[in-house]
Amino acid sequence: MLTISSKEMQDVLQALFKKYGFTDSRAHLLAEVHTQNTLYGVNSHGINRVPRFLDYVKKGVVKIDAKAEKVAEFGNIERWDGHQGPGVLNAIKCTNRAIELAKSSGMGLVALRNTNHWMRGGYYGWQAANQGCIAILFTNTQPNMPAWGAKESRIGNNPFVVSIPRKEGHIVLDMALSQFSFGKINEYKLQGEQLPFAGGWDEENKLSRDPEKILKKERGLPIGYWKGSAFSIVLDMLATLLSAGNSTYRIGQKKYETAVSQVYLCIYPEVFPDKELQHSLINEIIDYTHDAPPMEAGKRTYYPGEQSANARKQNTQNGMKISKEIWQNILTLIEE
């Protein structure tokens, strides 16, 4: 591992994205998101994803100039088409639109089809919370988990995000429906480490902590076992239905994971004239959770997003620890 500042990463990535044909403004935004994701301690969906993203650009899977556009609307519900543009840029645009609808109508929903990987879904949760909005966001993916009891992967790990604005620190839940995202599994592989808990099945249909064995077949373990399996199926149905886009089944027919479907739902809680009560109720829940005695001495509980915010603070002060191999790969891409 090596340590790098966020400014250096931002500058290098911006130059790299410009080299690959992105305009100054789009390169800046892409670099900012990948850097922020790493700053929050999510290397798997930050710096580690850059080489694969650029490989998809080279292959034409990601259309660098394509932009999401509205194709249908009914009141505060809209459908958009991403035209296979960069998932990060499409996600920022659709989150902003859902925020705009929420602030004018109390609630806004944007369903997006034909887009690409949005990297870290939590980024858009923070984006909404910073604008005073509650957000519920989710995406489908290629098949990478078996439905409970099956041998073959037929469902996606469909990341799910919920964020709630709070002045002392936003609450942001960001989770894949697999026990570990595949980006995180690959991060353990890069570090030569075993997963702390079983994360998927090996080739002998046994649950494993070995990232290499899991990645061979890409059969992730659903959170909550059969419950996570059912949750994945329902989210895929909702994203597909609302966007009139591709399901996990259809995404799986493609050579690469692309043209996925996503939902951006935002709620503006300030439509109710009891902001102080809302604040008090949220803090009551957090305090009740924080005050629980830990099982292990010196440990404590956290609300969703609290550890990410702590990681950002530490990484801002001390620099971000990243893979030497990944960073060298990035520098090589610039020099090619």
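Scroll up to find the structure this text is about.
First, a word on what this report is: a plain description of the structure on this page. (Residues numbered from 1 in each chain as written. Predicted model: local features only at pLDDT ≥ 70, side-chain atom pairs only at ≥ 80, totals over all residues. Heavy atoms only, no water.)

### Focus: the sheet that holds strand β5 (residues 134–139)
Next up, step 1: A sheet is described by the order of its strands in space; here seven strands give the open sequence β2-β3-β4-β12-β5-β8-β9, paired in mixed fashion. Only two strands of the sheet have a single partner each, and these edge strands are β2 (69–74) and β9 (171–175). For this sheet, the mean angle separating the axes of adjacent strands, direction not counted, is 10 degrees.
Next up, step 2: As paired elements, strand β3 (residues 77–81) and strand β4 (residues 107–115) share five bridges and run parallel to each other. Looking at the pairing, R79 lines up with A111 of β4. (Pairing = 2+ DSSP bridges. Helix = DSSP H or I, 4+ residues; strand = E, 2+ residues; numbered from the N terminus. Axes fitted to C-alpha atoms, helices over the stretch in contact; angles between N-to-C directions.)

### Notes on the packing of helix α4 (residues 87–105) against helix α5 (residues 122–130)
Next up, step 1: Between α4 and α5, the shortest axis-to-axis distance is 10 Å and the interhelical angle comes to 30 degrees. One element, α4, and the other, α5, form an angle in the roughly parallel class. Of the two possible hands of crossing, α4 and α5 adopt the one that is right-handed. Contacts between α4 and α5 involve V88, A91, I92, T95, N96 and I99 from the former and Y123, Y124, Q127 and A128 from the latter.
Next up, step 2: Its residues placed into classes, the contact of α4 with α5 shows seven nonpolar, three polar and no charged. (Parallel < 35°, antiparallel > 145°, perpendicular 65-115°, else oblique. Left-handed = near helix turned anticlockwise from the far one by under 90°. Contact = heavy atoms within 4.5 Å. Nonpolar A, V, L, I, M, F, W, Y, C, P; charged D, E, K, R; others polar.)

### Some words on unusual backbone geometry
Next up, step 1: Phi angles above zero are rare outside glycine, and E218 is one such case at about 50 degrees.
Next up, step 2: Within the secondary structure, E218 sits in the loop between α7 (211–217) and α8 (226–243).
Next up, step 3: Note on E218: relative accessible area 27%, which makes it partly exposed.
Next up, step 4: Phi at Y225 is positive, roughly 55 degrees, even though this residue is not glycine.
Next up, step 5: Within the secondary structure, Y225 sits in the loop between α7 and α8.
Next up, step 6: A residue is classified by how much of its surface remains accessible, and Y225, at 39% relative accessible area, is partly exposed. (Buried < 20%, exposed > 50% of the residue type's maximum accessible area, 1.4 Å probe, protein only.)

### So, the pattern of salt bridges
Next up, step 1: Under the definition given, this model contains 14 salt bridges.
Next up, step 2: In the salt-bridge network here, residues are joined through shared partners; they are K70, E73, E78, R97 and E100. (Salt bridge = Lys/Arg side-chain N within 4 Å of Asp/Glu carboxyl O.)

### Observations concerning the state of the cysteines
Next up, step 1: Going through the model one piece at a time under the given rule, you end up with zero disulfides.
Next up, step 2: Free of any disulfide, C266 has its nearest cysteine sulfur in C133, 5.2 Å distant.
Next up, step 3: For C266, a relative accessible area of 0% corresponds to the buried category. (Disulfide = S-S within 2.5 Å.)

### Describing the pairing of β5
Next up, step 1: Relative to strand β12 (residues 260–267), β5 runs antiparallel, the two being bridged by six bridges. Of the residues in β12, the one forming a bridge with A135 is C266.
Next up, step 2: Of the strand pairs in this sheet, β5 and strand β8 (residues 160–164) are connected by four bridges, and their pairing is antiparallel. Counterpart to I136 in the pairing with β8 is V162.

### Here we look at helix α11 (residues 306–318)
Next up, step 1: Taking 1.5 Å of rise per residue, the 13 residues of α11 would be expected to cover 18 Å, and the 18 Å separating its terminal C-alpha atoms lies within 8% of that figure.
Next up, step 2: Those residues of α11 lying buried are E306, A311 and N315. For α11, the buried positions fall inside an angular range of 160 degrees around the axis, keeping them on one side. For α11, the exposed residues lying more than 90 degrees away from the buried face are K313 and Q317. (Expected span 1.5 Å × (residues − 1). Arc of directions from axis to C-beta.)

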